[in-house]
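# Survey of secondary and tertiary structure
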Number of protein chains: 2
Amino acid sequence: MTELEKVLHRVVDRVNVNLRELSMDVGPFVRTLVVPENFVRFYAFYGFTPHHPLSFQFRRSSLAGSYFLGKCVVDHSIVYKSDVRGDELKTKGETLKCGSLEIPLHEDEMIRIKDSFLVKTLVHSNSHDPESPEEFLIQNTVALHYANIHGSPIEGSFLGPFGTVDLTTVHDCVIGSFAYVQRGELAHARIDPGRIWVQAGDVFEFNYQYPMEVLEKYIHLEAGKKPRGQLVDFVEGRKKDYEEIFGLVGKELLDSLPKGTKVSRYAVVKGKNRIEENVLVAQRAYIEDSRLGRGSNAQENCYIVQSELEGNDVTAHGGKVICATLGNKVFVGFNSFLHGTPSCRLTVGEGSIVMPHTVIDLEQPLEVPPKTLVWGYLRSPEDLASQTIPLEKLAHHKGELQLGSMYFRGSGHEFVHGFQHRIEHILEANGAFFDGNAHPGHAQKTRNISYNTIQPYPDGPLKGLYPTIEIRP
Amino acid sequence: MTELEKVLHRVVDRVNVNLRELSMDVGPFVRTLVVPENFVRFYAFYGFTPHHPLSFQFRRSSLAGSYFLGKCVVDHSIVYKSDVRGDELKTKGETLKCGSLEIPLHEDEMIRIKDSFLVKTLVHSNSHDPESPEEFLIQNTVALHYANIHGSPIEGSFLGPFGTVDLTTVHDCVIGSFAYVQRGELAHARIDPGRIWVQAGDVFEFNYQYPMEVLEKYIHLEAGKKPRGQLVDFVEGRKKDYEEIFGLVGKELLDSLPKGTKVSRYAVVKGKNRIEENVLVAQRAYIEDSRLGRGSNAQENCYIVQSELEGNDVTAHGGKVICATLGNKVFVGFNSFLHGTPSCRLTVGEGSIVMPHTVIDLEQPLEVPPKTLVWGYLRSPEDLASQTIPLEKLAHHKGELQLGSMYFRGSGHEFVHGFQHRIEHILEANGAFFDGNAHPGHAQKTRNISYNTIQPYPDGPLKGLYPTIEIRP
């Protein structure tokens, strides 16, 4: 057994110990997932700028193709083609508010990945757990393709492909493929594939369950096999475009960009595009024949193809927008798949919110009115009735509400205004409101960034593992 | 003053303190040498394999374009486009013999570069100083373009462009441009530009002094200006070819190579070449339309153009071989410039030794007989009489010998056999004698190598300096 195999073996055992109550064996899901040769085929890299805290420690880990920013420790883990973005970590001296309590941070927050196996996973934001404000911990965890660990310390868990845990501390859970959970804390639970679940204590709860046949079509996972379905086909079909940009040691191309705008040199930008001021195109984003209006941001693993984005539009991590026209300040949530065609375009009116993990796959044109909440699975205008609601209407709603497979209870006001508040925060954090001086965000702070590439042992007993690396200012 | 400027300022002051007795101010030689923008323009990189010890510590330094291998610490230094190759460092437990003394090494040897400024300098081999066997120290030193610090701990010194210190511990010295010194120890001395000086205590001494007008033509340095002359023009004229290879994140291309052969992906290989078994082409070597016969090695900064190398030929660091035919086991010493033309080819017979820093610049064809020692400046067959001697003849010589500007005294036998012994060692160390199993050398041990690239702060007060980086197995 090579040292790399030992690491993998150990991760499987550790996750299984945590999941023994749920009788889950993660082994068959991970053992045949990555071709061994690929662990030495792709370099990993980390970025640093004068604007970000800097601290990396990589020990006994395989990091092929992964990207790191900020402060991050990786121990005894396999982090494969993942993005670990510590640009929203809290800093020493900040205060974390939790109800009436105020917890001052005694040190800078760090992301710590330990005894885990992450494949094409995104780790971003910061620990929203008031019980552990200085450490964003990912431990004894397996997360598969395009999983999204967003502000969510996670321990002893399995996260299926395209699954998202958002602002939620997760202990000993199995989160199914394409499931989305945002509820503060979650322990010893099994979340079905395709369940979209947002809960804020007793204040409100949003629930939607994808039908099995839809999941079967778009994203499906079986033990011992790679994930499959149209979502997988879509991203795999565009994989080749990344080869060239990852094969060049490039510099950021700032000269040709509008003021305050950042297009990562690790993004694919194809065809004819118009990219306006204060736009952020993050690494591994994919832009083709599109317009990104002022203040829009295109986050990691998002795809924007043949689309018009008016401005201040957020395409969150993993969001896909194809043949669509988005009005001003449209929010497209994590891993959504908005798939129009040249003859069946999708139009989304200004101020609308597309819930995370929404699938719109059109065979005829569709227009979503302005200021509308959209969720679930839509194929034609007939689906609007059961899978959208005007934000204004929901904001005035109190109590229970059933629309198609969606169940809502509680305060519509809190839900809508909480969401809108978060969107404002995302725009601000990404630099949409930069005025040339004040309100810089990620777009401006990463305009000029250095990337260091790192590779594993090419051969010998440590083949595929990286040397111990420590970086500080 | 930026932090980088402070580092430079400090280096200048520290070197000047050491050189106060020689009234040398190195400031004017270094201050305007490198365009500030270049300190952020080129990445540095380090290699590692399962066959080499691994330890790097970079602190408060600028490393633009430099390469590191083995064990190396860099503190408060500027190491610009230099090669620091720790693949011949001694290891813990080895014994260093010095006369009748035997000194066991209590730890692995490291290269330590401290408070120094190295430009396009090569650091290789190991500390030949029995007084400091575990540390190959380069401190308070300025070394300029294509300087060569070979197995030579050096402190408080200035090394001019194309200057070499070889197997010599150097304290508080000024070594002129294109000078070559090999004499064990040297302190508080000023070596004139173009002096070639090999001394082994009372056993033998070799001395040659280039005429001023030749230095003026080939390599000349004035305070406040960049080095100039035909040697500089030659390398500057080929600079563009390196841009492409340094712009790609490549893998070693092993498939198309003969067994036991290594061509660094950071070497330029142009035109039609034939590269045979057990050949080493090191990083920054330049090969064009040439044949490298079995067991030949092309070391850093060497150029082999339109030439035929029969086999087991050594082109040492910085050696240039243009339009030449070299017989078997020809040695071309450091920084030699063998410049034939298509109509005036140079032929060097088998077993000949071209002394380091030899210039052969032809306007008519020239043939150097087999088993001949060559030195100095040759332009035509008439120069053979005063600048070559059959090795056999020299080996039988005892006492003084004057030939042209060359003065020799002592034991010709020791000089010739010592040199031949060293060449055998170089061939062995580079892997020329690899039989598919035993006697692997650099060519075989670096066949499969990983490179990590590192960049400096792109902006801000630390612009041009690298973060603190520590790497271990």
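Because the structure is a prediction, the values reported are computed rather than measured.

### A short note on the overall build of chain A
The number of helices and strands found in chain A is nine helices and 49 strands. At 21 Å, chain A has a C-alpha radius of gyration in line with the 23 Å of a compact globule built from 473 residues. Seen along its three principal axes, the alpha-carbon backbone of chain A occupies a region of about 60 × 55 × 50 Å. Across the 473 residues that make up chain A, the buried fraction comes to 53%. In chain A, the share of contacts with a sequence separation of at least 24, taken over all contacts with a separation of at least 6, comes to 38%.

### So, the confidence of the model for chain A
Overall, the predicted model of chain A reaches an average pLDDT of 95, with 99% of residues at or above 70. Complex prediction metrics read pTM 0.90 and ipTM 0.84.

### As for helix α1 (residues 3–18) of chain B
Residue and element names in this part refer to chain B. Counted at 1.5 Å a residue, the expected span for α1 with its 16 residues is 22 Å, and the 23 Å between its end C-alpha atoms agrees. Those residues of α1 lying buried are Leu-4, Val-7, Leu-8, Val-11, Val-12, Arg-14, Val-15 and Asn-18. Buried residues in α1, looked at end-on, bunch into an arc of 170 degrees, giving them a common side. Residues of α1 that are exposed and point over 90 degrees away from its buried face: Glu-5 and Val-17. On its buried face, α1 sits against α2 (27–30), β5 (78–80), β10 (117–119), β13 (142–143) and β16 (158–159).

### Overview of the relation of the copies chain B and chain A
Of the transformation superimposing chain B on chain A, the axial component is 0.0 Å and the angular component is 180 degrees, with the fit at an RMSD of 0.0 Å. Taken together, the turn and the small shift mark the pair as related by a two-fold rotation axis. When the interface residues of chain B are mapped onto chain A, 100% of them are again interface residues, pointing to one common binding face.

### A short note on helix α8 (residues 412–430) of chain A
A rise of 1.5 Å per residue sets the reference length of α8 of chain A, with its 19 residues, at 27 Å; its end C-alpha atoms lie 27 Å apart and thus fit the reference within 8%. One or two steps after α8 of chain A, the chain reaches Gly-431 of chain A, where phi turns positive at roughly 95 degrees.

### Some thoughts on the interface of chain B and chain A
On the chain A side, the residues contacting the 29 residues of chain B number 29 residues. Of all the secondary-structure elements, those providing two or more residues to the side of chain B that touches chain A are β48 (450–454) and β49 (468–472) of chain B. Its residues assigned to classes, the side of chain B that touches chain A shows 17 nonpolar, nine polar and three charged. In terms of strand pairing, strand β49 (residues 468–472) of chain A meets β49 of chain B through five bridges, oriented antiparallel. Looking at β49 of chain B, one finds that Ile-471 of chain A is bridged to Ile-469 of chain B.

### Topic: the domain arrangement of chain A
Residues and elements named next belong to chain A. Its domain assignment divides chain A into domain 1 (3–229 + 449–471) and domain 2 (240–398 + 412–445). Centre-to-centre, using C-alpha coordinates, domain 1 lies 24 Å away from domain 2. Across the boundary between the two partners, domain 1 contributes 25 residues, which contact 22 residues of domain 2. Considering every element that reaches the side of domain 1 that touches domain 2, the biggest residue donor is strand β24 (residues 204–209), with three residues. Residues that form the side of domain 1 that touches domain 2 fall into these classes: 16 nonpolar, six polar and three charged.

### Description of unusual backbone geometry
With a phi close to 55 degrees, Asn-335 of chain A is a non-glycine residue in the positive phi region. Looking at the secondary structure, you find Asn-335 of chain A in the loop between β37 (331–332) and β38 (337–339). The exposure class of Asn-335 of chain A is buried, given the 28 C-beta atoms found within 10 Å. Even without glycine at this site, His-357 of chain B takes up a positive phi of about 65 degrees. As for its position among the elements, His-357 of chain B is in the loop between β40 (353–354) and β41 (359–361). For His-357 of chain B, a count of 28 C-beta atoms within 10 Å translates into the label buried.

### Some words on the sheet that holds β13 of chain B
Hydrogen bonds between backbone atoms are what pair the strands of a sheet, whose relative direction is either parallel or antiparallel. All names here are of chain B. Here six strands make up an open sheet; going across it, the order is β5-β10-β13-β16-β19-β22 and the pairing parallel. Looking at strand neighbours, the two that pair on one side only are β5 and β22 (190–191), the edges of this open sheet. Pairing analysis gives two bridges linking strand β19 (residues 174–175) to β22, with the strands arranged parallel. Residue pairing for β22: Val-174 is matched across the bridge by Arg-190. With respect to the sheet, α1 is in contact with β5, β10, β13 and β16, its orientation differing from that of β5 by roughly 100 degrees.

### Thoughts on the sheet that holds strand β37 (residues 331–332) of chain B
Residue and element names in this part refer to chain B. Taken in spatial order, the eight strands make up an open sheet running β25-β28-β31-β34-β37-β40-β43-β45, and their pairing is mixed. Across the chains shown, the open sheet's two edge strands, defined by having one partner strand only, are β25 (262–263) and β45 (388–390). Across two bridges, strand β31 (residues 297–298) lies against strand β34 (residues 314–315) in parallel orientation. Of the residues in β34, the one forming a bridge with Asn-297 is Val-314.

### A closer look at the pairing of strand β9 (residues 110–114) of chain A
All names here are of chain A. In terms of residue burial, β9 counts as a mostly covered element, since four of its five residues are buried. Judged from the four bridges that link them, strand β4 (residues 71–75) and β9 form a sheet pairing that is parallel. Within β9, the residue paired with Cys-72 across the bridge is Ile-111. Examined bridge by bridge, β9 and strand β12 (residues 135–139) share five bridges and lie parallel to one another. Directly across from Arg-112, in β12, lies its bridge partner Leu-137.

### Digging into the environment of Phe-434 of chain A
All names here are of chain A. Structurally, Phe-434 can be placed in the loop between α8 and α9 (442–445). Residues Phe-434 and Phe-415, spaced 19 residues apart in sequence, show a C-alpha to C-alpha distance of 28 Å. Aside from chain neighbours lying at most four places away, what touches Phe-434 is Gly-260, Asn-278, His-439, Pro-440, Gly-441 and Gln-444.

### Digging into the environment of Thr-372 of chain B
Residue and element names in this part refer to chain B. Relative to the assigned elements, Thr-372 resides in strand β43 (residues 372–374). The sequence separation of Thr-372 and Thr-388 amounts to 16 residues, and the corresponding C-alpha distance is 6.5 Å. Excluding anything up to four places from it in sequence, Thr-372 contacts Gly-349, Ser-352, Thr-388, Pro-390 and Leu-391.

Procedures and definitions
Residues numbered from 1 in each chain as written. Chains lettered and ligands numbered in written order. Predicted model: local features only at pLDDT ≥ 70, side-chain atom pairs only at ≥ 80, totals over all residues. Helix = DSSP H or I, 4+ residues; strand = E, 2+ residues; numbered from the N terminus. Rg over C-alpha atoms; globule rule 2.2 N^0.38 Å. Buried ≥ 20, exposed ≤ 12 C-beta atoms within 10 Å, placed from the backbone. Contact = placed C-beta atoms within 7 Å. pLDDT = per-residue confidence, 0-100. Expected span 1.5 Å × (residues − 1). Arc of directions from axis to C-beta. Least-squares fit on C-alpha atoms with pLDDT ≥ 70 in both. Nonpolar A, V, L, I, M, F, W, Y, C, P; charged D, E, K, R; others polar. Pairing = 2+ DSSP bridges. Domains from an automatic or database assignment. Axes fitted to C-alpha atoms, helices over the stretch in contact; angles between N-to-C directions.

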